[in-house]
Every structure is written in C-alpha cells, then in structure tokens.
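# Working through the structure, step by step
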Amino acid sequence: MEIISCLDLNTLNKPSQPVIWKAVPQKRTPAARTAAYKPAYKPVSVVRMPVVRVAAKPAKKQSVAENLDKACAVAGKSLQKFSKTLGISLLHSWKTLASVALLALLACSLAVGGFAGYDYIIDMPQAASLSINLENESAIISEAMNSFVQPQTDDFTEDGTVSLSDEVFSLIPEPVTFSEYKVMSGDTISSISLKFGLRNISTLIAVNNISNVRKLQAGQKLKVPSMDGILYTVQQGDSLDGIAAKYKIPLEDLLDVNDLESSVLAKGTSLFIPGAALDNSTLKQALGELFKLPLASGYRITSEFGSRADPFTGVASNHTGIDLAIAQGTPIKAAMSGKVATVGWTNVYGNYVIVTHSNGYQTLYAHMQKYTVKSGQYVDQGTQIGLVGSTGYSTGPHLHFSVYKNGSLVNPRTILSF
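One structure accompanies this document, and this report is about it.

Cut-off values and rules
Residues numbered from 1 in each chain as written. Predicted model: local features only at pLDDT ≥ 70, side-chain atom pairs only at ≥ 80, totals over all residues. Heavy atoms only, no water. Core = buried A, V, L, I, M, F, W, Y, C linked by side-chain atoms within 4.5 Å. Buried < 20%, exposed > 50% of the residue type's maximum accessible area, 1.4 Å probe, protein only. Helix = DSSP H or I, 4+ residues; strand = E, 2+ residues; numbered from the N terminus. Contact = heavy atoms within 4.5 Å. Salt bridge = Lys/Arg side-chain N within 4 Å of Asp/Glu carboxyl O. Phe/Tyr/Trp six-rings, centres within 6.5 Å; stacked < 30°, edge-to-face > 60°. Lys NZ or Arg CZ within 6 Å of the ring centre and 35° of its normal.

## Structural notes on the nonpolar core
Core analysis: the biggest nonpolar cluster contains 31 residues, and Ile205 and Ile273 have the highest contact counts within it. Sorting the residues of this core by element identifies helix H5 (189-195), helix H6 (202-207), strand S2 (221-225), strand S3 (229-233), helix H7 (240-246), strand S4 (270-274) and helix H9 (280-286) as the ones contributing at least two each. If we skip the residues at most four places from it in the chain, isoleucine 205 touches Ile189, Ile210, Val213, Leu278, Leu283 and Ala286. Counting 26 residues, the second-largest nonpolar core is a separate cluster that includes Met336, Val373, Ile385 and Val410.

## Description of unusual backbone geometry
For asparagine 209, which is not a glycine, the phi torsion comes out positive at approximately 50°. Tracing the chain through its elements places asparagine 209 in the loop between H6 and S2. With a phi close to 50°, asparagine 406 is a non-glycine residue in the positive phi region. With relative accessibility at 48%, the residue asparagine 406 sits in the partly exposed group.

## A closer look at the pattern of salt bridges
On inspection of all chains with the given rule, the structure shows 4 salt bridges. As a salt-bridge pair, lysine 215 and aspartate 380 come within 3.2 Å of each other at their nearest N and O atoms. In this pair, lysine 215 sits in the loop between H6 and S2 while aspartate 380 sits in the loop between strand S13 (378-379) and strand S14 (384-388), placing the two residues 165 residues apart along the sequence. For lysine 215, a relative accessible area of 40% translates into the label partly exposed. Among the salt bridges present, the one from arginine 308 reaches aspartate 323, with a minimum N-O distance of 3.5 Å. In this pair, arginine 308 sits in strand S6 (residues 306-309) while aspartate 323 sits in strand S8 (residues 322-325), placing the two residues 15 residues apart along the sequence.

## Brief notes about the environment of isoleucine 243
Mapping isoleucine 243 onto the fold places it in helix H7. Judged by its relative accessible area of 3%, isoleucine 243 falls in the buried class. Each C-alpha atom of the pair isoleucine 243 and leucine 254 lies 8.8 Å from the other, and the pair is 11 residues apart in sequence. Residues in contact with isoleucine 243, not counting those within four places in the same chain, are Tyr232, Asp238, Leu254, Leu265, Leu271 and Ile273.

## Structural notes on the packing of aromatic side chains
Across all of its chains, the model carries 6 aromatic pairs by this definition. Summarising the aromatic geometry, the rings of tyrosine 232 and tyrosine 247 are spaced 6.0 Å apart at their centres and angled 70° between planes, so their arrangement reads as edge-to-face. With a gap of 15 residues between them, tyrosine 232 in strand S3 and tyrosine 247 in the loop between H7 and helix H8 (251-257) connect regions that are remote in the sequence. Given the relative accessible area of 13%, tyrosine 232 is considered buried. Residue tyrosine 247 is classed as partly exposed on the basis of its relative accessible area of 22%. Their ring planes at 50° and their centres at 5.4 Å tell us that tyrosine 365 and phenylalanine 401 sit as a pair that is tilted. Here tyrosine 365, found in strand S12 (residues 361-371), pairs with phenylalanine 401, found in strand S15 (residues 398-405); they are 36 residues apart in sequence, far enough to count as distant. Using a relative accessible area of 0% as the deciding quantity, one classes phenylalanine 401 as buried. Between lysine 223 and the ring centre of phenylalanine 178, over which it is positioned, the NZ or CZ distance is 5.1 Å.

See the structure below:
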C-alpha cells in the first residue's frame, strides 16, 4: 500500500482546518512513482504546509541573491571611480608641486638679477681728461637715475584720501574714542587707515604727530580715533563758533564729538575736529614730499635749468639743473629724506651724490669738494651729504642741483622756492 498526498488547494488556504490525506491502494514501480510525483519543495512537516510559503521561499532566496550581486557591482564601480579620482588628484598634485617649484626657481633668478642691477655703481674716481664728452657723461647719470627709481607704494590721492569703496561717509555726532594699534612689519600709513575704516591718512598723521611716515617702524604704537579728523590746540582768543567756521563743520558736531557741555574754551585745550584734514603743505612734509633748499642761505643762482651757452665753449647746450654759487666748503643738505642711491665721480659732475626719495623722485648734487655719506645710507631732510666744491667740469665753487621724476628731468623751480 502506497500513500500519496492529494492536496486540496482550498483546504490548504485555510490552515486552521486539518489536512485530509487519502490512502489509495495502488501498486507501482519505484520508477513510476518517481515520474508521477516530483515535488519542487520537500516540506519539513506534512501536517501543515501552505502553498504560499512553499512558493515564496525559492523566490525570496533568488531576490536576496540578485540584490547581493547588484550591491557588489555598485561597490565595485564606486571603488573603481574612487581609485580613478585618487589617481587624477595625485597626478594634479604632482603637476602643482612641479609648477610651484618652477615659479620659485624663476623668482629667485629674478631677485638675484635685480639685486645685481641695484648694486651697479657708475664711474668710480678716474683721472681728469681735457677732452670731455658731455652727452656721454650726462647719459651715465641719467641711466643711474633710471636704475634707482622706486614706485609709489602707498595708495592715496594727493590730498591724503585713501582709495576706499564708493560708500558715502557721514559724520556721526558721537563722542570720539581712541584705540591703540601696534605697527606690524609691512604696514603703511594708508594700510593702517584702511584697517580701521579711516578715509584720510591725515587723521593718523595729525593725531600721532608723525613728522615722516617713511620712518614708521614695526612695534611703534599709534593712537587711532574712531572717526576721521585732526587734533587742534586751542589758542588765545579762539571760540567754538570760530573754529567750527574755520573748518566748515556744524557747531553741534564739534560739541557732540568732543562731548563738551560748555562753549567756554581754555587755552591749550585739545579738540578733535571731525572730518578735517591737514593742509597740503603739512601733509607733503609728513609724507617726505616737500623739498627744501639744499643750501641754507648766501647763494646766488648763476645758471638756470634749460637751454644755455656752455661756460667754456659758448656752444648752446641743455643745462640739467640749477647752479648755486657759494663759498667752497659750505654744507650741502638733502632736499628731502630718502636713501643714498650712489656716490661717485665723473669728469663732468666731479664728486656727486644721488638720493632716491618717495614717489619716484631723485635728486643729484654735483661738483662737491667731497661727499659725507655712503651708498645705501638713509638720510633725513636736512642731513648733510657733502661740501660745496669745484670738481669736474666747473668754473668755480658752486652746487649743481638736479631733480628727476621717474627718470625724467624736472625743473627744480617747480618744487622749490628760490
């Protein structure tokens, strides 16, 4: 007797009812029995086995396998993409490092070349010659001037206004306050002004009584006001109305900014004038741009700038400066602060000194008996740089004074009052 399960699907869908098994007496060979019934799933228990579960298990196994394959494929692609990106980044990094190294090498080469050019000094002392090529010697000096022209480093206009945005600045009638700032390496008067939102460099110059901004040093402490303006010391007979009218500001602003409760002023009182700036002459002097006569007094002008007859041959020539005749040995002063570019001798100018100043200016002092400074030395305005003499192409003791602006000759009378 063989037992074969004949499943009723309706019955199997109701697992709460017992499964009915029917015994069918039948004799078959093992091969026939195998051919007649080949179940796709071999149940663990023949008591209750829903068809849904029998069909779902193989499908679920297949889904997990497919998802696993997909996950592996995605992971493989991500790893490949990451490896490619890393390789490209390393390649770019190598190229970047190579470029930086090349630029650094180029910068070093230019720096070495620049310093070599700066150290070039024109004609050293040589024997006098009866045959003098004036154009040649003048060209040597001009070349020296061009070699030492320094560009403008500060960014402000002639009246001291710092280049800010087009924002409209308005005076806020609040009491002025002061903070302290320690000058850092690389600071300039304009960069400090910008750092604190000040519009005019006159503010820092006036408040700190700076005589020469070029001598600003790292570590120096500055007093910085909260607004633009200058300090004014009350003089005998001054009144608030008069001071307000002089600087063209509202009286109320003068009172509020200085937190004054009375209009009575005591001599020597320091007032902050909001929005005011230094006059042009004072500002130029503080910037080291105001030229002063290289000789104190007692001179006479014997030859002007421009066309003239050669003092030896009478041939028309171009005079590159002004000749100031005075007694031999008279001290010669630097017309403006700056750095001594070079000292030396030529057959035309004799003993001479060239000083480089700010804003592209340079001055030449020639025919000296001797010079008292050396190349590379910093000199203040009024510092003695030599003594009057009659060396070189000269007819008597005098100072030849020339002024250059960015390598081009300038009539000294345009920057000096003789």
